[in-house]
Amino acid sequence: MKQKLWGCELSEDLPRVSFPELLENDWALLAFLQQLEVMGLVLISQTPAQTKQCHLLSQRVAYCSRTYYGETFKVHNKTDPNNLAYTQYSLGLHTDLPCLSYKPGVQLLHCISQIEGDGGDNLFVDSFQAAAIFRSLHPDRFNLLVKTPVVFSDTGVEDGQKFHIANQTSVICLDEAGNIATVNMNNICRDFINLAPADVFGWYEALYVFSNILNHPQNVISYKLKPGDIIVLDNMRVLHGRKGFNSTSGERLLEGCYWDWDMVRSRRRVLQANLVTP
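Residues numbered from 1 in each chain as written. Predicted model: local features only at pLDDT ≥ 70, side-chain atom pairs only at ≥ 80, totals over all residues. Heavy atoms only, no water.

> I'd like a description of the overall build of the protein, backed by residues and values.
What the protein contains, in helices and strands, is seven helices and 15 strands. Against the compact-globule benchmark of 19 Å for 278 residues, the protein has a radius of gyration of 19 Å, which places it among compact chains. Along the longest, intermediate and shortest principal axes, the C-alpha atoms of the protein span 60 × 55 × 35 Å. Buried positions account for 52% of the 278 residues belonging to the protein. Taken as a whole, the protein presents about 13300 Å² of accessible surface, with 50% of it coming from carbon and sulfur. (Helix = DSSP H or I, 4+ residues; strand = E, 2+ residues; numbered from the N terminus. Rg over C-alpha atoms; globule rule 2.2 N^0.38 Å. Buried < 20%, exposed > 50% of the residue type's maximum accessible area, 1.4 Å probe, protein only. Areas by Shrake-Rupley, 256 points an atom, 1.4 Å probe, with all protein chains shown as cover.)

What follows is the structure, given as structure tokens:
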């Protein structure tokens, strides 16, 4: 489906749907999947504030895609974290797991509990909108981020199992027609670039300019999830981040999972064929 790009104005008109509707109504489910494909970001409300709700919704859409962090994962402040997400600190805008050659297509984050007071807000950016601006204003720098191979890697231990994941790709990837296919932005797992020393400064300068566009207030949505909210985002397109928070202000607990776009689009097509009269 044709995507619709957006900036901070989407905060006034964020696509929304209720969890009970998605479980019970195929028309609501179809509209949700269409909005996800077009906008890349949908907020689900009225979800029970308890675990395993992502599993329940997945039974209506697609299998939970297992990664080295498991079939589902909990985002909370850990005493011995193996990922910056598992702390109280701010988290820069990023896509999840570009260190995988099969980067997850769709991410779900279900808010089970939230801290009181300031902090803990989620940040969202349409990287395709930002990349289009970047391409228009700085075509040479845009091409540098398209053509330069970058290694993303992640090492650690999860559930007693060591992992060392690595993948080489570019920050901005194009399809065969030259359209933006995905953006790989993750400063936590970005490892090294295959460039001659003389070319390194220019690459970092290009990344710096693109980062400034991504983080410009006109492009960023800030939303503090409430218990019972699930935010669903296109991980190929929508960057997300988090404002830091004080862990003494209560527990912030999110449960997340991933879907593959192939299965999500399959479900949307089947629903369209069954519900929409030709």
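> How would you explain the sheet that holds strand 12 (residues 220-223) if you had to name every residue and give the values?
Working definition: the strands of a sheet are paired by backbone hydrogen bonds and lie parallel or antiparallel to each other. Read across the open sheet, the four strands follow the order 4-14-6-12; overall the sheet is antiparallel. Among the strands making up the open sheet, the edge pair consists of strand 4 (91-94) and strand 12. Going across the sheet, the axis of each strand differs from the next one's by a mean of 15°, ignoring polarity. Across the sheet, helix 4 (residues 127-137) touches strand 6 (122-126) and strand 14 (238-242), and the angle it forms with strand 6 is around 50°. (Pairing = 2+ DSSP bridges. Axes fitted to C-alpha atoms, helices over the stretch in contact; angles between N-to-C directions. Contact = heavy atoms within 4.5 Å.)

> With reference to specific residues and values, describe the sheet that holds strand 5 (residues 106-113).
With respect to topology, six strands assemble into an open sheet ordered 1-2-13-5-15-3, the strand pairing being mixed. Across the chains shown, the open sheet's two edge strands, defined by having one partner strand only, are strand 1 (16-18) and strand 3 (73-75). Strand-to-strand twist in this sheet, taken as the mean axis angle between neighbours without regard to direction, amounts to 25°. Bridge count for strand 2 (residues 41-45) against strand 13 (residues 230-234) is four bridges, and the pairing is antiparallel.

> Break down the layout of surface pockets for me, citing the residues and quoting the values.
Of the pockets and cavities examined, the second largest pocket occupies roughly 350 Å³. Of all elements in the fold, only helix 4, strand 10 (180-183) and helix 7 (261-275) reach the threshold of two or more residues within the lining of the second largest pocket. Split into classes, the residues belonging to the lining of the second largest pocket amount to seven nonpolar, two polar and five charged. (1 Å grid on protein atoms, 1.4 Å probe; cavity = no way out; pocket = protein on both sides within 12 Å on 5 of 7 lines; lining within 4 Å. Points joined across faces, edges and corners; volume = space filled by probe spheres on them. Nonpolar A, V, L, I, M, F, W, Y, C, P; charged D, E, K, R; others polar.)

> Outline the environment of Asp126, supporting the account with residue identities and numerical values.
Here Asp126 shows up in strand 6. For Asp126, a relative accessible area of 1% translates into the label buried. Ignoring any residue separated from it by four or fewer positions in sequence, one finds Asp126 in contact with Lys4, Leu5, Trp6, Asn219 and Arg237. A polar atom in the side chain of Asp126 sits 2.8 Å from the side chain of Arg237. (Polar contact = N/O pair within 3.5 Å; in protein donor to acceptor, adjacent residues only side chain to side chain.)

> Just give me the short version of the pairing of strand 6, but keep the residues and values in it.
Counting buried positions along strand 6 gives five out of five residues, so the element sits mostly inside the fold. Residues of strand 6 alternate between two faces, with Asn122, Phe124 and Asp126 on one and Leu123 and Val125 on the opposite face, all of them buried. Direction of pairing for strand 6 relative to strand 12: antiparallel, over a ladder of four bridges. Considered in strand 12, the bridge of Val125 is made with Val220.

> Pulling in residues and values, what's your account of the pattern of salt bridges?
Once the charged atoms of two side chains with opposite charge are near each other, the side chains can pair. If you walk through the whole model with that rule in mind, you get seven salt bridges. In this structure, Lys74 engages Glu255 in a salt bridge whose closest nitrogen and oxygen atoms are separated by 3.8 Å. Residue Lys74 is located in strand 3, and its partner Glu255 is located in strand 15 (residues 253-259); the two are separated by 181 residues in the primary sequence. Exposure remark for Glu255: the relative accessible area of 3% places this residue in the buried category. Where salt bridges share partners, they join Glu37, Arg265 and Arg268 into one cluster. (Salt bridge = Lys/Arg side-chain N within 4 Å of Asp/Glu carboxyl O.)

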